[in-house]
Structure formats: structure tokens, C-alpha cells
Amino acid sequence: IVEFRAVRALAEESPDLLTFHAALVAWKEFGLLIVGPHEAGKSTLSCALWLHGFSFLGDDVAVVDPVLGIGQSGPRRVSLRPPSRELLGETAWRRMLAAPSSENAHKGYLFHPHEVDGRPRRESVTLAGCIFLARRAARKGRPGEAARVPASEAALALLPYSNLARRPDLETAISRVSLLAARVPMYDLPRGPLPAMIAAIERVVESA
């Protein structure tokens, strides 16, 4: 209940903050937002990147400073649905379930990545990109290959995932999201095998 209310307070009751329903991962000093509709695979892809060596900051709410391009994770555990088990492998799944704060919740499993890998929890990171999964207007591309999205198009795609989308002052909301889209490169990533998607994201990070 505490986790749920904290996330709701960030997303709905903090008009001075810009938050997104998004996962946040990092490679060294570079952070990446992963955005997509429900069951698009954000948590599974983020967890696969974490198992590949990325830092996993969060999979549900990211707080973003659009001027500085800095992202910070929301205060809750990572949530994985049962279908992720086969994709991530039994060994990794058992490590997650064995972590001290892991819990079998109503719709999946909750855990803290830093309890599994022993690395210090990162609070914030400079954003080097944003990955869209299953974006409705995405052009058809090769599976697992990232394609750059123009900033104006990306801003409109990001807006529905922000806490500002339901605010009456839509002009201000679009302006703040556009600041981020102009600063941070945005990409469509079609669904494909996890190794191919990870390789595409590595290329995005390398180009930062």
C-alpha cells in the first residue's frame, strides 16, 4: 500500500514534477527511458538489460528533469509478470525470488534488483535516449532494430505516458515534454528476440 500510494502521489499529485510511466535503466553514466503500453514488455526488456550488465533503476515511474535531461526512478520494487519467467530464465528468476524484499504479489513478482546483484542503488542518471515499445504510429522496421523518431513526433508520443497528460493546461504539458524530446534522442524498437533488442539498445548507448 505504501509503495502504491507513493507512486500515485508522484504521478498524480505533484504538478511541479514531470513523471512518466516508464522503465529506467543505465549503462555507466548513460540512462535510458523505456516507454510503452501495458504488457508491451518494458519490465522484461529492462530486466534482460539488467542481467546483461545494465543498472536497473525502476520499471514503473521515472521522474524527469526535461531541462537537464536527468531521470530518477520512482519509489517501488520492480514488478514482473509470470510470462517473463521463461524469457529471462529459471536461474535468474530464482535469484530474484530469493532476494529479501521479494514478494509473490497479485499480478506478478516484486523484487529490488540491488538486493540481487549487490550493487549500490542508483538514484539518478543523465538520459542518453528514450526507447518506444509498440508505439502506435511507428513505421514498420526490422525486428530488434532501433529507428530514430523525430523530436516533434516523439513529444506527442510521450505525452500520454506523462503525469501532465490529464492536466487542464495542455499547452504547458506539451511544452515541457517537447523540451525533453528536443534534448534526448528517441527511438522506436520493434519487438524481436531479447538478444537482438539488447544489441540495438547497446548501439543507442554507444552513439550517445
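Residues numbered from 1 in each chain as written. Predicted model: local features only at pLDDT ≥ 70, side-chain atom pairs only at ≥ 80, totals over all residues. Heavy atoms only, no water.

**Details of the packing of aromatic side chains**
Taken as a whole and judged by the stated rule, the model has four aromatic pairs. Seen in terms of ring centroids, tryptophan 27 and phenylalanine 54 are 5.1 Å apart; in terms of plane orientation they differ by 45 degrees. Their pairing is tilted. Of this pair, tryptophan 27 sits in strand β1 (residues 18-27) while phenylalanine 54 is found in the loop between α2 (42-51) and β3 (55-58), placing the two residues 27 residues apart along the sequence. Judged by relative accessible area, tryptophan 27 falls into the partly exposed class, the value being 30%. Residue classification places phenylalanine 54 among the buried residues on the basis of a relative accessible area of 1%. Here tryptophan 93 and tyrosine 109 contribute two aromatic rings whose centre-to-centre distance is 5.2 Å and whose plane-to-plane angle is 80 degrees, an arrangement assigned as edge-to-face. (Phe/Tyr/Trp six-rings, centres within 6.5 Å; stacked < 30°, edge-to-face > 60°. Helix = DSSP H or I, 4+ residues; strand = E, 2+ residues; numbered from the N terminus. Buried < 20%, exposed > 50% of the residue type's maximum accessible area, 1.4 Å probe, protein only.)

**Some points on the nonpolar core**
If you look at the biggest cluster of nonpolar residues, it comprises 33 residues, and the most contacted ones within it are Leu45 and Ile201. Those elements that place two or more of their residues in this core are β1, β2 (30-35), α2, β6 (78-80), α4 (90-97), β8 (109-111) and α8 (194-206). Looking at this core, the element that brings in the most residues is α8, giving seven residues. Non-local contacts of isoleucine 201, meaning those with residues more than four positions away in its chain, are made with Leu32, Leu45, Leu49, Phe54, Ile131 and Leu189. Core analysis: the next-biggest nonpolar cluster, separate from the first, contains 27 residues, Ala26, Ala62, Leu164 and Val177 among them. (Core = buried A, V, L, I, M, F, W, Y, C linked by side-chain atoms within 4.5 Å. Contact = heavy atoms within 4.5 Å.)

**Comments concerning the confidence of the model for the protein**
The share of residues in the protein with pLDDT of 70 or more is 97%, and the mean pLDDT across the chain is 90. Taken element by element, the predicted model of the protein shows its lowest mean pLDDT in helix α1 (residues 2-12) (71) and its highest in strand β11 (residues 186-188) (97). (pLDDT = per-residue confidence, 0-100.)

**Things to note about α8**
An ideal rise of 1.5 Å per residue puts 18 Å on 13 residues; α8 measures up with 18 Å between its terminal C-alpha atoms. Taken residue by residue, α8 has Leu194, Met197, Ile198, Ala200, Ile201, Val204 and Val205 as its buried positions. Angularly, the buried residues of α8 cover 160 degrees about the axis, an arc narrow enough to put them on a single face. For α8, exposure combined with an orientation more than 90 degrees from the buried face picks out Pro195 and Glu206. (Expected span 1.5 Å × (residues − 1). Arc of directions from axis to C-beta.)

**As for unusual backbone geometry**
The residue lysine 28 is not glycine, and still its phi comes out positive at about 55 degrees. Tracing the backbone through its elements, the reader meets lysine 28 in the loop between β1 and β2. Phi is positive for alanine 134, which is not a glycine, with a value near 55 degrees. Within the secondary structure, alanine 134 sits in the loop between β9 (124-132) and β10 (147-149).

**Remarks on a nonpolar patch on the surface**
A cluster of nonpolar residues, Val67, Leu68, Ile70 and Leu179, forms a patch on the protein surface that exposes about 330 Å² of accessible area. Within the fold, valine 67 resides in the loop between β4 (61-65) and β5 (70-73). Classification of valine 67 as exposed rests on a relative accessible area of 53%. (Patch = residues over 30% accessible without salt bridge, like charges linked within 9 Å, V, L, I, M, F, W, Y side chains within 5 Å. Areas by Shrake-Rupley, 256 points an atom, 1.4 Å probe, with all protein chains shown as cover. Salt bridge = Lys/Arg side-chain N within 4 Å of Asp/Glu carboxyl O.)

**Brief notes about the packing of helix α6 (residues 151-158) against helix α7 (residues 170-183)**
Running from N to C, α6 and α7 point in directions that differ by 135 degrees, and their axes come no closer than 8 Å. As summarised for this structure, α6 and α7 are arranged oblique, according to the angle between their axes. Judged by the twist between their axes, the crossing of α6 over α7 is right-handed. Between α6, through Ala151, Ala154, Ala155 and Leu158, and α7, the contact on the second element is made entirely by Val177, Ser178, Leu180, Ala181 and Ala182. (Axes fitted to C-alpha atoms, helices over the stretch in contact; angles between N-to-C directions. Parallel < 35°, antiparallel > 145°, perpendicular 65-115°, else oblique. Left-handed = near helix turned anticlockwise from the far one by under 90°.)

**Details of the state of the cysteines**
Following the criterion strictly, the structure yields zero disulfides and no others. Considering cysteine sulfurs only, cysteine 130 is the nearest to cysteine 47, which forms no disulfide, with 19 Å between them. Residue class for cysteine 47 comes out buried when judged on its relative accessible area of 0%. Looking at cysteine 130, the relative accessible area reads 0%, which means it is buried. (Disulfide = S-S within 2.5 Å.)

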